[in-house]
Amino acid sequence: DTTYPTLIGVPTDATVECDAVPLAAMVTATDNCAENLIPQLEENLVAQECGYLLFRTWRVSDNCGNETVATQIITVIDTTDPLFTSIPEDATINCGDEIPVIPAITGLDNCDVDVAVDYSENIENLECGYIIHRMWTITDDCGNSNSTSQNIYVLDELAPIVFEVPADITIECDQEIPAPSDDVFATDNCDEAVIVEVNDQTIPQDCGYQIV
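About the thresholds
- Residues numbered from 1 in each chain as written.
- Predicted model: local features only at pLDDT ≥ 70, side-chain atom pairs only at ≥ 80, totals over all residues.
- Heavy atoms only, no water.
- Helix = DSSP H or I, 4+ residues; strand = E, 2+ residues; numbered from the N terminus.
- Rg over C-alpha atoms; globule rule 2.2 N^0.38 Å.
- Buried < 20%, exposed > 50% of the residue type's maximum accessible area, 1.4 Å probe, protein only.
- Contact = heavy atoms within 4.5 Å.
- Areas by Shrake-Rupley, 256 points an atom, 1.4 Å probe, with all protein chains shown as cover.
- Core = buried A, V, L, I, M, F, W, Y, C linked by side-chain atoms within 4.5 Å.
- Pairing = 2+ DSSP bridges.

**Here we look at the overall build of the protein**
The secondary structure content of the protein amounts to 0 helices and 16 strands. For 212 residues, the compact-globule estimate of 2.2 N^0.38 gives 17 Å, and the protein exceeds it by more than 25% at 40 Å. The proportion of buried residues among the 212 residues of the protein is 23%. Across the protein, the fraction of contacts at a sequence separation of at least 24, relative to all contacts at a separation of at least 6, is 50%. As presented, the protein carries roughly 14900 Å² of accessible surface, and 50% of it is formed by carbon and sulfur atoms.

Next up, the structure:
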């Protein structure tokens with residue numbers, strides 16, 4: 001018996017993502033003399049810069065020492081970007097409202113258990129208000145990354161509130177017209193120093209006139 005056994009079902013080499021490594025194939029063997037030969041499988045890993053090589057080697061020998069060896073090389077890579085577990089929504093608030101807290105955002109990756117999450121923010125001034133730009137970037141060990149953002153629009157949409165405006169009065173035409181009150185003031189949800197201006201408008205009446 002000088003004939004080597006034949007391995008049946010040895011898979012071809014493959015390149016897969018790290019979460020898609022196939023199970024070892026069910027390899028069988030036949031021989032011209034021996035029966036019921038069972039191939040033995042060995043697996044070895046060789047680390048790469050980003051991923052690894054998986055060597056699957058099947059060996060089978062007959063009773064006369066004729067040995068057949070076959071190897072499948074699986075190249076395991078990581079080219080998939082990580083994903084966010086949640087994506088924050090944009091928001092619009094008035095400038096006197098409390099700024100929403102920064103949400104705790106995490107990421108998931110098909111290969112790495114712990115994915116680094118970097119946070120940054122900047123402020124863009126508007127004509128009346130500003131925008132808080134929040135950005136998160138997640139990166140896995142192989143440099144695959146993903147980004148998401150949230151915009152907080154801080155606007156001034158509320159009018160100032162005026163206090164101590166005198167009540168309407170009616171006087172005779174020979175009475176002295178009172179000067180505008182110096183006690184009138186205003187507050188605002190955004191501006192600390194609100195300027196109060198007074199303007200007079202005279203409206204003729206049938207008998208007399210009205211000062212607004």
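Additional details are given in the paragraphs that follow.
**Some thoughts on the nonpolar core**
Judged by nonpolar contacts, L7, V27, A29, A34, L37, W58, V60 and A70 together constitute the single largest core of 8 residues. I105, V115, W136 and I138 belong to the second largest nonpolar core, which has 5 residues in total.

**Points about the pairing of strand β11 (residues 129–139)**
Looking at chain direction, strand β10 (residues 116–126) and β11 are connected through 11 bridges and run antiparallel. Across the sheet, E124 pairs through a bridge with I131, a residue of β11. Between β10 and β11, which pair antiparallel one after the other, the connecting turn spans 2 residues. In the sheet, β11 pairs with strand β12 (residues 145–155) via 11 bridges, with the strands oriented antiparallel. In the strand pairing of β12, R134 is matched with Q150. Counted along the chain from β11 to the antiparallel partner β12, the turn is 5 residues long, and its residue G143 has a positive phi close to 85°.

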